[in-house]
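Letter by letter, the chains look like this.
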Amino acid sequence: MSNFQLIEELSRQLEHALVQGGVPARFKGPGTQLLSRLRSPISVSVLGLPGKGKTSLIKMMLARPDLPSFADVDIVEYCFSEEPRTILEFSDGSCKEFEYLVTDADQTLGAFRARLELPDEKLRSQTYVETALSGTDADCQTLLTRAVKYSDILIWCSDSFGL
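Please read these numbers as outputs of a predicted model, since none were measured by experiment.

A. Spotlight on the overall build of the protein chain. If you tally the helices and strands in the protein chain, you get 5 helices and 7 strands. Ordering the α and β elements of the protein chain from the N terminus gives α-α-β-α-β-β-β-β-α-β-α-β. With respect to the three principal axes, the spread of C-alpha positions in the protein chain is 55 × 35 × 35 Å. When the 163 residues of the protein chain are sorted by exposure, 34% land in the buried category.

B. Structural detail: the sheet that holds strand β4 (residues 95-98). Taken in spatial order, the 7 strands of this open sheet run β4-β3-β5-β2-β6-β1-β7, and their pairing is mixed. Of all strands in the sheet, those with a lone pairing partner are β4 and β7 (153-157), marking the two edges. Averaged over all pairs of adjacent strands, the angle between their axes in this sheet comes to 15°, without regard to strand direction. Pairing between strand β2 (residues 75-80) and strand β5 (residues 111-118): 6 bridges, direction parallel. Residue pairing for β5: C79 is matched across the bridge by E117. Contacts from helix α3 (residues 54-62) reach β1 (42-48), β2, β6 (126-132) and β7 within the one sheet, and its direction differs from that of β6 by about 170°.

C. Representation of the packing of aromatic side chains. Counted according to the given criterion, the structure contains 1 aromatic pair. Considering the side-chain rings of F98 and Y100, the 5.6 Å spacing of their centres and the 65° angle between planes classify their relative orientation as edge-to-face. F98 sits in the buried class, given a relative accessible area of 13%. You can call Y100 partly exposed: its relative accessible area is 41%.

D. Representation of the pairing of β1. For β1, the tally of buried residues reaches 6 of 7 residues, placing the bulk of the element in the interior. With 5 bridges connecting them, β1 and β7 associate as parallel partners. Looking at β7, one finds that V44 is bridged to I153.

Calculation rules
- Residues numbered from 1 in each chain as written.
- Predicted model: local features only at pLDDT ≥ 70, side-chain atom pairs only at ≥ 80, totals over all residues.
- Heavy atoms only, no water.
- Helix = DSSP H or I, 4+ residues; strand = E, 2+ residues; numbered from the N terminus.
- Buried < 20%, exposed > 50% of the residue type's maximum accessible area, 1.4 Å probe, protein only.
- Pairing = 2+ DSSP bridges.
- Axes fitted to C-alpha atoms, helices over the stretch in contact; angles between N-to-C directions.
- Contact = heavy atoms within 4.5 Å.
- Phe/Tyr/Trp six-rings, centres within 6.5 Å; stacked < 30°, edge-to-face > 60°.

Structure representation (structure tokens):
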């Protein structure tokens, strides 16, 4: 039995216990939170300065050398969807959605975030967030704080172990 299958079985058992009242009232809240976490994909953030191999590392981990590179987008998310889709977010709060995987960097001009939804089975259990730390120190701090808050695993890409 794979780890994924074990987690699915554990999730089914926990859900059954919660629904059937097999969990004391004081543990229902934490049990529900645990169930939600067990059913969520692991979030892997790949961070670093521009040009340090973040996209290449994600392409390698997903075995998807065909994925596009968006050098001018600060945050690129890779997650599962039944159909390919791209969502671009701009600093003015507007979004553009495409019912396909955008591969032309010209279409991403001005976007600070791109969400690539792919029908890739690997992305059912893990998502990747590529974050380029650029701009002011305050901008970098904001991006880093967000990554720490919302990620399960952080990977730092650089030429060396220092900055």
